[in-house]
Amino acid sequence: MSIQEQLLNIETEAVTKINAANSQVELNDLRAFYMGKKSPLAEIMKSMATLSIEDKKVIGKLANEVKVRIESAVTERRAYLEAEEVNKRLKSETIDVTLPGKEFKVGTSHPLSRTIEEVQEIFIGMGYSIAEGPEVEVDLYNFEMLNVPKGHPARDMQDSFYITENLLMRTQTSPVQVRTLLEKKGAPVKILAPGKVYRRDDDDATHSHQFMQFEGLVVDKHITMSDLKGTLQLFVQKMFGDSRKIRFKPSYFPFTEPSVEVDVSCFKCGGKGCSMCKQSGWIEVLGAGMVHPNVLSAAGYDPKVYRGFAFGIGIERVTMLRHGIDDIRNFYLNDKRFLEQFKGEN
Ligand code: PHE
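Just so you know, these numbers come straight off a predicted model, no measurement behind them. (Residues numbered from 1 in each chain as written. Predicted model: local features only at pLDDT ≥ 70, side-chain atom pairs only at ≥ 80, totals over all residues. Heavy atoms only, no water.)

Draft legend 1. Here's a closer look at the sheet that holds strand β2 (residues 136-138). Ordered by their spatial adjacency, three strands build an open sheet running β2-β4-β3, and the pairing between neighbours is antiparallel. Both edges of this open sheet fall to β2 and β3 (162-164), since each of them pairs with a single strand only. The sheet shows a mean angle of 30° between the axes of neighbouring strands, direction not considered. As paired strands, β2 and strand β4 (residues 167-169) are joined by three bridges and run antiparallel to one another. Counterpart to V136 in the pairing with β4 is M169. (Pairing = 2+ DSSP bridges. Helix = DSSP H or I, 4+ residues; strand = E, 2+ residues; numbered from the N terminus. Axes fitted to C-alpha atoms, helices over the stretch in contact; angles between N-to-C directions.)

Draft legend 2. Region of interest: the environment of N87. Structurally, N87 can be placed in helix α4 (residues 53-92). In this structure, the C-alpha to C-alpha distance between N87 and E284, residues 197 residues apart in sequence, is 74 Å.

Draft legend 3. Up close: the nonpolar core. In this structure, F235, L286 and F311 are the most contacted members of the largest nonpolar core, which totals 44 residues. Where this core is concerned, the elements lending two or more residues are α5 (111-125), β6 (210-220), α8 (225-240), β8 (256-265), β9 (282-291), β10 (307-314), α10 (315-323) and α11 (336-339). The dominant element in this core, judged by the number of residues it contributes, is α8, at six residues. Leave out the neighbours within four places in its chain, and F235 touches V119, I122, F123, L286 and I313. (Core = buried A, V, L, I, M, F, W, Y, C linked by side-chain atoms within 4.5 Å. Buried < 20%, exposed > 50% of the residue type's maximum accessible area, 1.4 Å probe, protein only. Contact = heavy atoms within 4.5 Å.)

Draft legend 4. Seen up close, the site of the ligand. Not every one of the 15 residues close to the ligand is listed here, only the nearest: Q172, S174, R199, Q213 and E215. Between the ligand and Q172, the relevant distance is 2.8 Å, taken from a nitrogen atom to a side-chain nitrogen or oxygen of the residue. Contact between the ligand and R199: an oxygen atom at 2.7 Å from a side-chain N or O atom of the residue. Looking at the shell around the ligand element by element, the count peaks at three residues for β10. In the shell around the ligand, the residues fall into five nonpolar, eight polar and two charged. (Near = heavy atom within 4 Å. Polar contact = N/O pair within 3.5 Å; in protein donor to acceptor, adjacent residues only side chain to side chain. Nonpolar A, V, L, I, M, F, W, Y, C, P; charged D, E, K, R; others polar.)

Draft legend 5. Broad picture of the sheet that holds β10. Taken in spatial order, the seven strands make up an open sheet running β1-β5-β6-β10-β9-β8-β7, and their pairing is mixed. Looking at strand neighbours, the two that pair on one side only are β1 (129-130) and β7 (246-253), the edges of this open sheet. Taken together, the two bridges between β1 and strand β5 (residues 189-198) define a ladder with parallel strand orientation. Note on β5: the bridge partner recorded for I130 is L192. Strand contacts of α5: β1, β5, β6 and β10, with the helix running at about 5° to β6, the strand carrying the most contacts. α8 rests against β7, β8, β9 and β10 of the sheet, and its axis sits at about 120° to β7.

Draft legend 6. Quick look at the pairing of β10. In terms of burial, β10 is largely enclosed, as six of its eight residues are buried. Note that β6 and β10 share eight bridges and pair antiparallel. Looking across to β10, one finds that V219 is bridged to G308. Where β9 lies against β10, five bridges are found, and the strand directions are antiparallel. Of the residues in β10, the one forming a bridge with M290 is F309.

If you want it as C-alpha coordinates, here you go:
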(Lines give C-alpha, C1' and ligand atoms only; values in the text may rest on other atoms or scores of the structure.)
Protein backbone atom coordinates (compact mmCIF):
# COMPACT_ATOMS: atom_id res chain seq x y z
CA MET A 1 0.00 0.00 0.00
CA SER A 2 1.43 3.37 -0.95
CA ILE A 3 1.99 6.07 1.67
CA GLN A 4 -0.74 8.12 -0.03
CA GLU A 5 -3.19 5.26 0.39
CA GLN A 6 -2.17 4.81 4.00
CA LEU A 7 -2.78 8.49 4.66
CA LEU A 8 -6.21 8.42 3.04
CA ASN A 9 -7.11 5.27 4.98
CA ILE A 10 -6.19 6.98 8.22
CA GLU A 11 -8.37 9.93 7.22
CA THR A 12 -11.35 7.73 6.37
CA GLU A 13 -11.04 5.77 9.58
CA ALA A 14 -10.60 8.93 11.72
CA VAL A 15 -13.48 10.86 10.15
CA THR A 16 -15.82 7.85 10.43
CA LYS A 17 -15.02 7.39 14.09
CA ILE A 18 -15.26 11.15 14.78
CA ASN A 19 -18.67 11.37 13.11
CA ALA A 20 -19.88 8.50 15.25
CA ALA A 21 -18.64 9.99 18.55
CA ASN A 22 -21.51 10.45 20.96
CA SER A 23 -19.97 12.62 23.64
CA GLN A 24 -17.41 15.36 24.09
CA VAL A 25 -15.27 12.96 26.12
CA GLU A 26 -15.25 10.38 23.35
CA LEU A 27 -14.47 13.10 20.83
CA ASN A 28 -11.57 14.41 22.92
CA ASP A 29 -10.08 10.92 23.13
CA LEU A 30 -10.31 10.45 19.36
CA ARG A 31 -8.73 13.82 18.72
CA ALA A 32 -5.86 13.01 21.10
CA PHE A 33 -5.35 9.69 19.32
CA TYR A 34 -5.37 11.00 15.73
CA MET A 35 -3.59 14.31 16.28
CA GLY A 36 -1.19 13.41 19.10
CA LYS A 37 2.59 12.80 18.88
CA LYS A 38 2.12 9.05 18.65
CA SER A 39 -0.74 9.10 16.13
CA PRO A 40 -0.61 6.93 12.96
CA LEU A 41 -0.21 10.19 11.04
CA ALA A 42 2.84 11.17 13.13
CA GLU A 43 4.37 7.71 12.56
CA ILE A 44 4.08 8.16 8.79
CA MET A 45 5.61 11.65 8.98
CA LYS A 46 8.59 10.19 10.86
CA SER A 47 9.10 7.46 8.23
CA MET A 48 9.25 10.17 5.51
CA ALA A 49 12.91 10.81 6.37
CA THR A 50 14.01 8.20 3.87
CA LEU A 51 12.03 9.65 0.94
CA SER A 52 13.31 11.77 -1.91
CA ILE A 53 12.78 15.54 -1.74
CA GLU A 54 10.13 15.34 -4.49
CA ASP A 55 8.16 12.64 -2.60
CA LYS A 56 8.58 14.49 0.64
CA LYS A 57 6.88 17.57 -0.88
CA VAL A 58 3.93 15.64 -2.30
CA ILE A 59 3.37 13.41 0.71
CA GLY A 60 4.04 16.21 3.20
CA LYS A 61 1.33 18.31 1.50
CA LEU A 62 -1.14 15.43 1.56
CA ALA A 63 -0.34 14.63 5.19
CA ASN A 64 -1.07 18.24 6.12
CA GLU A 65 -4.36 18.23 4.21
CA VAL A 66 -5.40 15.01 5.99
CA LYS A 67 -4.52 16.61 9.32
CA VAL A 68 -6.62 19.72 8.56
CA ARG A 69 -9.57 17.61 7.42
CA ILE A 70 -9.46 15.44 10.56
CA GLU A 71 -9.26 18.63 12.67
CA SER A 72 -12.26 20.18 10.93
CA ALA A 73 -14.21 16.91 11.33
CA VAL A 74 -13.56 17.21 15.08
CA THR A 75 -14.71 20.86 15.10
CA GLU A 76 -17.90 20.02 13.22
CA ARG A 77 -18.72 17.06 15.43
CA ARG A 78 -18.10 19.17 18.54
CA ALA A 79 -20.54 21.83 17.34
CA TYR A 80 -23.10 19.15 16.52
CA LEU A 81 -22.80 17.51 19.95
CA GLU A 82 -23.10 20.90 21.69
CA ALA A 83 -26.25 21.76 19.74
CA GLU A 84 -27.72 18.37 20.52
CA GLU A 85 -26.97 18.88 24.23
CA VAL A 86 -28.74 22.26 24.22
CA ASN A 87 -31.76 20.75 22.46
CA LYS A 88 -31.91 17.90 24.95
CA ARG A 89 -31.85 20.35 27.87
CA LEU A 90 -34.46 22.56 26.28
CA LYS A 91 -36.72 19.55 25.98
CA SER A 92 -36.14 18.17 29.47
CA GLU A 93 -36.19 21.52 31.29
CA THR A 94 -39.39 22.98 29.93
CA ILE A 95 -41.35 24.72 32.69
CA ASP A 96 -44.90 23.64 33.32
CA VAL A 97 -46.53 26.96 34.09
CA THR A 98 -49.70 25.20 35.23
CA LEU A 99 -47.95 23.66 38.27
CA PRO A 100 -48.77 25.31 41.62
CA GLY A 101 -46.08 27.80 42.74
CA LYS A 102 -44.24 27.95 46.05
CA GLU A 103 -46.05 29.93 48.73
CA PHE A 104 -44.07 32.63 50.51
CA LYS A 105 -45.60 33.35 53.88
CA VAL A 106 -45.70 36.91 55.12
CA GLY A 107 -45.73 37.37 58.90
CA THR A 108 -48.19 39.52 60.81
CA SER A 109 -47.63 42.04 63.53
CA HIS A 110 -48.23 40.65 67.01
CA PRO A 111 -51.71 41.27 68.46
CA LEU A 112 -50.13 43.18 71.37
CA SER A 113 -48.22 45.41 68.95
CA ARG A 114 -51.47 46.10 67.14
CA THR A 115 -53.16 47.12 70.38
CA ILE A 116 -50.26 49.43 71.26
CA GLU A 117 -50.41 51.08 67.85
CA GLU A 118 -54.16 51.54 67.98
CA VAL A 119 -54.27 52.93 71.51
CA GLN A 120 -51.40 55.30 70.72
CA GLU A 121 -53.27 56.54 67.68
CA ILE A 122 -56.39 57.22 69.71
CA PHE A 123 -54.50 59.28 72.31
CA ILE A 124 -52.25 61.05 69.80
CA GLY A 125 -55.53 62.12 68.17
CA MET A 126 -56.45 63.74 71.51
CA GLY A 127 -53.17 65.67 71.65
CA TYR A 128 -51.06 63.33 73.77
CA SER A 129 -47.39 62.68 73.15
CA ILE A 130 -45.71 59.31 73.72
CA ALA A 131 -43.26 59.07 76.64
CA GLU A 132 -40.93 56.29 77.71
CA GLY A 133 -39.06 55.25 80.83
CA PRO A 134 -36.56 52.53 81.73
CA GLU A 135 -37.65 49.05 82.80
CA VAL A 136 -35.01 48.99 85.52
CA GLU A 137 -36.21 51.75 87.82
CA VAL A 138 -35.17 53.39 91.06
CA ASP A 139 -37.31 52.76 94.12
CA LEU A 140 -37.65 56.54 94.45
CA TYR A 141 -39.62 56.85 91.18
CA ASN A 142 -41.39 53.50 91.23
CA PHE A 143 -42.72 53.98 94.78
CA GLU A 144 -41.53 56.83 96.98
CA MET A 145 -42.35 59.82 94.80
CA LEU A 146 -45.66 58.14 93.97
CA ASN A 147 -46.65 58.49 97.60
CA VAL A 148 -45.61 54.94 98.53
CA PRO A 149 -42.85 55.33 101.14
CA LYS A 150 -40.71 52.38 102.26
CA GLY A 151 -42.79 50.05 104.45
CA HIS A 152 -46.11 51.24 102.95
CA PRO A 153 -48.58 48.30 102.82
CA ALA A 154 -49.43 49.08 99.16
CA ARG A 155 -46.00 47.74 98.20
CA ASP A 156 -47.20 44.24 99.04
CA MET A 157 -49.63 44.23 96.09
CA GLN A 158 -46.77 44.78 93.68
CA ASP A 159 -43.92 42.99 95.45
CA SER A 160 -41.34 42.77 92.74
CA PHE A 161 -37.93 41.85 91.41
CA TYR A 162 -35.26 43.87 93.19
CA ILE A 163 -31.78 44.29 91.75
CA THR A 164 -30.40 46.18 94.74
CA GLU A 165 -32.22 47.68 97.72
CA ASN A 166 -33.06 50.80 95.72
CA LEU A 167 -33.24 49.40 92.18
CA LEU A 168 -35.95 47.14 90.81
CA MET A 169 -37.74 46.01 87.66
CA ARG A 170 -40.54 48.58 87.51
CA THR A 171 -43.84 47.22 88.76
CA GLN A 172 -45.97 49.74 86.87
CA THR A 173 -45.59 52.42 84.20
CA SER A 174 -46.47 55.09 86.83
CA PRO A 175 -42.79 56.05 87.43
CA VAL A 176 -42.93 57.61 83.95
CA GLN A 177 -45.36 60.12 85.58
CA VAL A 178 -42.62 61.17 88.00
CA ARG A 179 -39.93 61.28 85.31
CA THR A 180 -42.11 63.42 83.02
CA LEU A 181 -43.13 65.85 85.78
CA LEU A 182 -39.49 66.30 86.82
CA GLU A 183 -38.50 66.89 83.21
CA LYS A 184 -41.29 69.40 82.47
CA LYS A 185 -40.40 71.44 85.57
CA GLY A 186 -43.83 72.91 86.30
CA ALA A 187 -45.18 73.08 82.70
CA PRO A 188 -48.43 71.34 81.63
CA VAL A 189 -48.15 67.63 80.77
CA LYS A 190 -50.15 65.35 78.45
CA ILE A 191 -48.49 62.00 77.87
CA LEU A 192 -49.17 58.34 77.14
CA ALA A 193 -46.42 55.93 78.21
CA PRO A 194 -46.56 52.32 76.98
CA GLY A 195 -44.14 49.71 78.28
CA LYS A 196 -43.28 46.48 80.06
CA VAL A 197 -43.75 46.01 83.80
CA TYR A 198 -42.76 43.20 86.16
CA ARG A 199 -44.39 41.69 89.24
CA ARG A 200 -43.78 38.67 91.37
CA ASP A 201 -47.08 37.14 90.25
CA ASP A 202 -47.65 33.46 89.70
CA ASP A 203 -48.17 32.87 85.99
CA ASP A 204 -51.72 31.67 85.31
CA ALA A 205 -54.41 32.24 82.68
CA THR A 206 -54.74 35.95 83.52
CA HIS A 207 -51.40 36.78 85.19
CA SER A 208 -47.83 36.93 83.99
CA HIS A 209 -44.69 38.02 85.85
CA GLN A 210 -44.10 40.38 82.94
CA PHE A 211 -46.85 42.24 81.12
CA MET A 212 -47.48 45.65 79.56
CA GLN A 213 -49.32 48.80 80.53
CA PHE A 214 -50.22 52.22 79.21
CA GLU A 215 -49.81 55.09 81.61
CA GLY A 216 -51.77 58.26 80.88
CA LEU A 217 -51.01 61.55 82.62
CA VAL A 218 -52.54 64.98 82.11
CA VAL A 219 -51.53 67.90 84.34
CA ASP A 220 -52.70 71.46 83.88
CA LYS A 221 -54.43 74.28 85.76
CA HIS A 222 -58.09 73.38 85.25
CA ILE A 223 -58.19 69.60 84.99
CA THR A 224 -61.19 67.95 86.64
CA MET A 225 -62.52 64.46 87.09
CA SER A 226 -65.05 65.02 84.31
CA ASP A 227 -62.09 65.48 81.93
CA LEU A 228 -60.90 62.05 83.02
CA LYS A 229 -64.32 60.52 82.48
CA GLY A 230 -64.79 62.14 79.06
CA THR A 231 -61.34 60.99 77.95
CA LEU A 232 -61.88 57.39 79.05
CA GLN A 233 -65.41 57.29 77.59
CA LEU A 234 -64.01 58.32 74.20
CA PHE A 235 -61.14 55.85 74.46
CA VAL A 236 -63.46 52.96 75.31
CA GLN A 237 -65.82 53.77 72.42
CA LYS A 238 -62.97 53.94 69.92
CA MET A 239 -61.43 50.74 71.24
CA PHE A 240 -64.47 48.58 71.96
CA GLY A 241 -67.30 50.12 69.92
CA ASP A 242 -69.56 53.20 69.92
CA SER A 243 -72.27 51.73 72.11
CA ARG A 244 -69.90 50.98 75.04
CA LYS A 245 -70.54 52.84 78.29
CA ILE A 246 -68.23 53.24 81.26
CA ARG A 247 -68.77 53.48 84.99
CA PHE A 248 -66.47 54.59 87.80
CA LYS A 249 -66.22 52.60 91.03
CA PRO A 250 -64.40 53.99 94.07
CA SER A 251 -60.97 52.38 94.49
CA TYR A 252 -57.58 53.00 96.03
CA PHE A 253 -54.20 53.86 94.55
CA PRO A 254 -51.66 55.68 96.73
CA PHE A 255 -50.79 58.15 93.96
CA THR A 256 -54.33 59.22 93.02
CA GLU A 257 -57.07 60.77 95.13
CA PRO A 258 -59.88 60.08 94.53
CA SER A 259 -59.12 56.79 92.78
CA VAL A 260 -61.44 54.75 90.58
CA GLU A 261 -61.70 51.38 88.88
CA VAL A 262 -63.24 51.79 85.46
CA ASP A 263 -65.73 49.27 84.08
CA VAL A 264 -66.95 48.96 80.49
CA SER A 265 -70.42 47.69 79.62
CA CYS A 266 -70.06 44.06 78.52
CA PHE A 267 -69.24 43.69 74.81
CA LYS A 268 -70.89 40.31 74.61
CA CYS A 269 -74.29 40.95 76.19
CA GLY A 270 -74.35 44.76 76.09
CA GLY A 271 -74.99 44.96 79.84
CA LYS A 272 -77.76 42.37 80.35
CA GLY A 273 -75.48 39.91 82.10
CA CYS A 274 -73.70 36.84 80.66
CA SER A 275 -70.86 34.44 81.42
CA MET A 276 -68.22 36.86 80.14
CA CYS A 277 -69.16 39.62 82.60
CA LYS A 278 -70.06 37.12 85.34
CA GLN A 279 -73.72 38.23 85.07
CA SER A 280 -72.88 41.78 86.19
CA GLY A 281 -73.15 43.49 82.77
CA TRP A 282 -69.79 45.21 83.38
CA ILE A 283 -66.15 44.34 82.81
CA GLU A 284 -63.29 45.98 84.70
CA VAL A 285 -60.68 47.41 82.34
CA LEU A 286 -58.47 49.98 84.06
CA GLY A 287 -57.47 52.01 87.11
CA ALA A 288 -57.43 55.80 87.26
CA GLY A 289 -57.81 58.86 89.46
CA MET A 290 -56.87 62.48 90.15
CA VAL A 291 -53.12 62.89 90.69
CA HIS A 292 -52.43 62.98 94.46
CA PRO A 293 -51.24 66.41 95.72
CA ASN A 294 -48.21 64.70 97.30
CA VAL A 295 -47.11 63.41 93.86
CA LEU A 296 -47.45 66.90 92.35
CA SER A 297 -45.56 68.68 95.10
CA ALA A 298 -42.82 66.01 95.25
CA ALA A 299 -42.14 66.75 91.57
CA GLY A 300 -42.17 70.53 92.06
CA TYR A 301 -45.75 71.34 91.00
CA ASP A 302 -47.91 73.50 93.30
CA PRO A 303 -51.02 71.36 93.97
CA LYS A 304 -53.01 74.53 94.70
CA VAL A 305 -52.42 75.70 91.13
CA TYR A 306 -52.04 72.45 89.18
CA ARG A 307 -54.26 69.40 89.04
CA GLY A 308 -54.24 66.34 86.89
CA PHE A 309 -55.57 62.90 86.16
CA ALA A 310 -53.79 59.63 85.53
CA PHE A 311 -54.83 56.22 84.31
CA GLY A 312 -53.24 52.80 83.86
CA ILE A 313 -54.42 50.33 81.21
CA GLY A 314 -53.28 46.72 80.87
CA ILE A 315 -52.32 46.09 77.23
CA GLU A 316 -52.75 42.30 77.44
CA ARG A 317 -56.09 42.69 79.21
CA VAL A 318 -57.49 45.06 76.57
CA THR A 319 -56.32 42.70 73.80
CA MET A 320 -57.81 39.65 75.54
CA LEU A 321 -61.16 41.39 75.96
CA ARG A 322 -61.31 42.62 72.38
CA HIS A 323 -60.54 39.26 70.82
CA GLY A 324 -62.05 36.91 73.43
CA ILE A 325 -58.63 35.42 74.28
CA ASP A 326 -58.88 33.40 77.46
CA ASP A 327 -55.23 32.76 78.37
CA ILE A 328 -52.59 35.52 78.64
CA ARG A 329 -49.81 32.97 77.99
CA ASN A 330 -50.90 32.70 74.35
CA PHE A 331 -49.27 36.07 73.72
CA TYR A 332 -45.81 34.86 74.70
CA LEU A 333 -45.67 31.36 73.18
CA ASN A 334 -45.01 32.41 69.57
CA ASP A 335 -47.33 29.67 68.37
CA LYS A 336 -48.13 30.43 64.74
CA ARG A 337 -51.53 28.79 65.01
CA PHE A 338 -52.49 31.46 67.53
CA LEU A 339 -50.74 34.41 65.86
CA GLU A 340 -52.06 33.66 62.37
CA GLN A 341 -55.61 34.21 63.59
CA PHE A 342 -54.90 37.93 63.73
CA LYS A 343 -53.86 38.16 60.09
CA GLY A 344 -55.43 41.00 58.19
CA GLU A 345 -57.20 42.53 61.15
CA ASN A 346 -57.24 46.30 61.73
N1 PHE B 1 -50.22 51.93 88.28
C2 PHE B 1 -51.50 51.35 88.63
C3 PHE B 1 -51.35 49.83 88.62
O4 PHE B 1 -50.44 49.32 88.01
C5 PHE B 1 -52.57 51.78 87.66
C6 PHE B 1 -52.89 53.24 87.76
C7 PHE B 1 -52.21 54.17 87.00
C8 PHE B 1 -53.89 53.69 88.60
C9 PHE B 1 -52.52 55.52 87.08
C10 PHE B 1 -54.19 55.01 88.70
C11 PHE B 1 -53.52 55.94 87.94
O12 PHE B 1 -52.13 49.12 89.21
